[in-house]
Amino acid sequence: MPDPNGFLRYGRRLPARRPVPVRISDWREVYPPAGEGLIREQATRCMDCGIPFCHDGCPLGNRIPDWNDLVRTGNWDAAVESLHATNNFPEFTGRLCPAPCEAACVLGIAGGEPVTIKQVEVEIADAAAARGLPPRPAPAPSGRSVAVVGSGPAGLAAAQQLARAGHAVTVYERDDAIGGLLRYGIPDFKLEKRHIDARLAQLRAEGVEFRAGVNVGVDVTAEQLRAQHDAVLLACGALQGRDTDTPGRQLRGVHQAMAHLVAANRVVAAAGEGRPALATLADGTPIDAAGKHVVIIGGGDTAADCLGVAHRQGAAGVHQLDLYPQPPRARDEGRDPWPTWPWILREYPAHEEGGERVYAVAVQEFVDDGTGAVRAVRIAEVSVEKRDGRRIVTVVPGTERELPADLVLLAIGFEGTEEQPLLAQLGVARNARGAVDSRSDWQTEADGVFVAGDMHRGASLIVWAIAEGRAAAAAIHTYLDGVGVLPAPVHPASRPLAAH
């Protein structure tokens, strides 16, 4: 039975972040561990509602009221079990998910303060890791084999579910290390890579085989893959960055944001292994922000990640540009009624570390320094409106100005999964959104070939990737005539909560 007065006695509180001057001098996570007293206090605020809308906000269907009450009463072992019953990797979602569950929390009605669900989740996950992550191998092999192409959260979640069901699972990753976007796309100040390594050790002990540095479709053909395995799951992500045709785009120093993040992550990884490394692109082009005036175009998570990286690399100054006006700080019930995801001002830890956010502006030109490198961006104020489903951007006359820029990073979204030889070899095509469609059983147009995660739904949240990975694993298990039924939290047509 929950504490019926908990939300009245306690307000919403999060642990204090590490001081800015300290944290920008290293790459460790921004948040230190929270004390047990604080977490039990915050879990006590959960009302265990008769209709827990947090379940609907979370595509995994996490048993949030259950594990909140278990933490409140100090029953951490049971809380760990409850959390892992629906989520393979709560240490990832607790750090990286923007928490649509909190947006749907009943305490958030009329501008209230929702339960700190995400913080409670990560503390339970860390408590589990501190006790060790015991493997749960299948009692007997099924004799069937599955190839998982891509080692991000969708692929890893599916691999673990299938291995625990007795199938032989091999995960193929074209990069030199397992983890997908978690490994080289997410900075360590948000997710230290030891968390990935701990999970990989658990998966290996459960029988999952990993093959890094293998570009399926090039190093291994689709024909070879299908000959070796009874089913294939495509979980390659949606890494095709959206580009721009703004004049000057070809100048040196103008890059996709993900190129900057990957280069920086490789440097941090090398330093942890005692190897020297420089932040460069694949062709050796330097992409370090040290001493440079940086302009980041975009207002989302990727842009904020670039901002934090630029601070730690020692940028001379940073401007972050957003096409849209500054959002309100509180939910507009007319526009985004509870419990839907609200359009509000989201301030990331990187924003308190420095830099300037500029709203309602668009880049008109990347300015050449005379040698083929960028020296500035010319921006103008704009108004944005929707007409017949199209976005109309209008420049405000007389508002043009220049911002100094030695490094420009494009964080303006993604256009789906990358075109690759594997798709053609399988006879699978991308749709108009750059994603790969599936039937109701998660199979693509190629029989025995399934798809999940961002490759299927487009760039989305980590919690959706894990949910789709689990659901696709359930479909593959059925396809292979596996014993019993695996949990399937979402359907291929599932969508987030929305106002109609």
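Our subject is the structure that appears above.
All values reported here derive from a predicted model rather than from experimental measurement.

Engineer: I tried to follow the sheet that holds strand β13 (residues 407–410) on my own but got confused; where do I start?
Structural biologist: The pairing of strands in a sheet comes from backbone hydrogen bonds and takes either a parallel or an antiparallel form. The strand order across the open sheet formed by five strands is β5-β13-β6-β7-β8, and the pairing between neighbours is parallel. In the strand order of this sheet, the two ends are held by β5 (254–256) and β8 (356–358), each with one partner. Between one strand axis and the next, the sheet turns through 20° on average, direction left out of account. Of the strand pairs in this sheet, strand β6 (residues 293–297) and β13 are connected by four bridges, and their pairing is parallel. Within β13, the position partnered with Ile296 by the bridge is Leu409. Helix α14 (residues 257–272) rests against β5 and β13 of the sheet, and its axis sits at about 80° to β5. Sheet strands in contact with helix α15 (residues 301–313) are β6, β7 (317–321) and β13, and its direction is about 175° off that of β7.

Engineer: Is there a simple way to think about the pattern of salt bridges in this case?
Structural biologist: Side chains carrying opposite charge are able to pair once their charged atoms draw close together. A full pass over the atoms with the stated rule returns 39 salt bridges. One salt bridge connects Arg23 with Glu353, and the closest N-O pair in it is separated by 2.7 Å. Of this pair, Arg23 sits in helix α2 (residues 20–23) while Glu353 sits in the loop between β7 and β8; the two residues are 330 residues apart in sequence, bridging distant segments of the chain. Linking Lys193 and Asp188 is a salt bridge whose minimum nitrogen-to-oxygen distance equals 2.9 Å. One network of salt bridges, in which partners are shared, links Arg17, Arg23, Arg312, Glu352 and Glu353.

Engineer: Any chance you could explain the packing of aromatic side chains here in plain terms?
Structural biologist: Inspection of the entire model under this criterion finds four aromatic pairs. With a centroid separation of 5.3 Å and an interplanar angle of 35°, the aromatic rings of Phe89 and Phe92 are classed as tilted. Taken individually, Phe89 and Phe92 each receive the classification buried, so the pair is uniform in this respect. Pairing Phe450 with Tyr479 gives two aromatic rings, centres 5.4 Å apart and planes at 75°, and the pair type is edge-to-face.

Engineer: Even after reading the chapter, I still don't get the pairing of strand β2 (residues 168–173), so can you show me in this structure?
Structural biologist: Regular strands show a simple pattern: their side chains alternate between the two faces of the sheet. Of all six residues making up β2, five are buried, and the element is well covered by its neighbours. In terms of strand pairing, strand β1 (residues 145–149) meets β2 through five bridges, oriented parallel. Residue pairing in the sheet places Ala147 in a bridge with Thr170 of β2. Pairing of β2 with strand β3 (residues 209–212), which is carried by four bridges, proceeds in the parallel orientation. Among the inter-strand pairings, Tyr172 is bridged to a residue of β3, identified as Arg211.

Engineer: What's the story with unusual backbone geometry in this structure? I'm lost.
Structural biologist: Residues other than glycine predominantly adopt negative phi, and peptide bonds predominantly adopt the trans conformation. Look at the link from Trp338 to Pro339: it is a cis peptide, with omega at 10°. A positive phi angle, near 65°, is found at Ala99, a position not held by glycine. Mapping Ala99 onto the fold places it in the loop between α7 (90–96) and α8 (100–103). Of note in the backbone geometry, Asp481 takes a positive phi value of approximately 60° without being a glycine. Mapped onto the elements, Asp481 comes out in the segment after α18 (462–479). Look at Asp481 and you get exposed, because its relative accessible area is 66%.

Engineer: So what exactly am I meant to see when it comes to the side chain of Gln313 here?
Structural biologist: Inspection of the secondary structure assignment puts Gln313 in helix α15. With relative accessibility at 13%, the residue Gln313 sits in the buried group. A distance of 3.0 Å separates polar atoms of two side chains, one belonging to Gln313 and the other to His260. A polar contact of 2.9 Å, which involves the side chain of Gln313, links it to the backbone nitrogen of Ala289.

Engineer: Which parts of the structure should I look at to understand the side chain of Ser82?
Structural biologist: Structurally, the position occupied by Ser82 is in helix α6 (residues 76–84). Once you skip the residues sitting within four places of it in the chain, Ser82 turns out to touch Arg63, Asp66, Trp67 and Leu70.

Engineer: What is the right way to read helix α5 (residues 64–72) from this model?
Structural biologist: One turn of the α-helix equals 3.6 residues, which is why residues spaced by three or four share an orientation. The set of residues buried in α5 consists of Ile64, Pro65, Trp67, Asn68, Asp69 and Val71. In this fold, the buried residues of α5 make contact with α3 (36–44), α4 (53–57), α6, α8 and α9 (117–131). Looking one or two places after α5, you find Gly74, whose phi comes out positive at around 80°.

The rules behind the values
The numbers attached to residues start from 1 for each chain and follow its sequence in the written order. Residue-level local features of this predicted model are given only where pLDDT is at least 70; pairs of side-chain atoms are given and counted only at 80 or more, and the full residue set underlies all totals for whole chains, interfaces and linings. To obtain the side-chain values, all non-hydrogen atoms of the structure were used and water was disregarded. DSSP bridges decide pairing: two strands pair if at least two such bridges lie between them. Elements are defined by DSSP. Helices are runs of H or I of four residues or more, strands are runs of E of two residues or more, and each kind is numbered from the N terminus. To obtain each axis, a line is fitted to C-alpha atoms, and for helices this fit is confined to the stretch in contact; angles are then taken between N-to-C directions over 0 to 180 degrees. Throughout, a contact is declared for two residues whenever any of their heavy atoms are within 4.5 Å. Salt-bridge detection follows one rule: a side-chain nitrogen of Lys or Arg within 4 Å of a carboxyl oxygen of Asp or Glu. A pair of Phe, Tyr and Trp rings is counted when the ring centres sit within 6.5 Å of each other, with Trp represented by its six-membered ring. The angle between the planes then sorts it: under 30 degrees is stacked, over 60 is edge-to-face, the rest tilted. Note on classification: 1.4 Å probe, protein chains only; a residue is buried when its accessible area is under 20% of the maximum for its type, exposed when over 50%, partly exposed between these limits. Two N or O atoms form a polar contact when they lie within 3.5 Å of each other; inside protein one atom must be a possible hydrogen donor and the other a possible acceptor, and for residues adjacent in sequence the pair counts only when both atoms belong to side chains.

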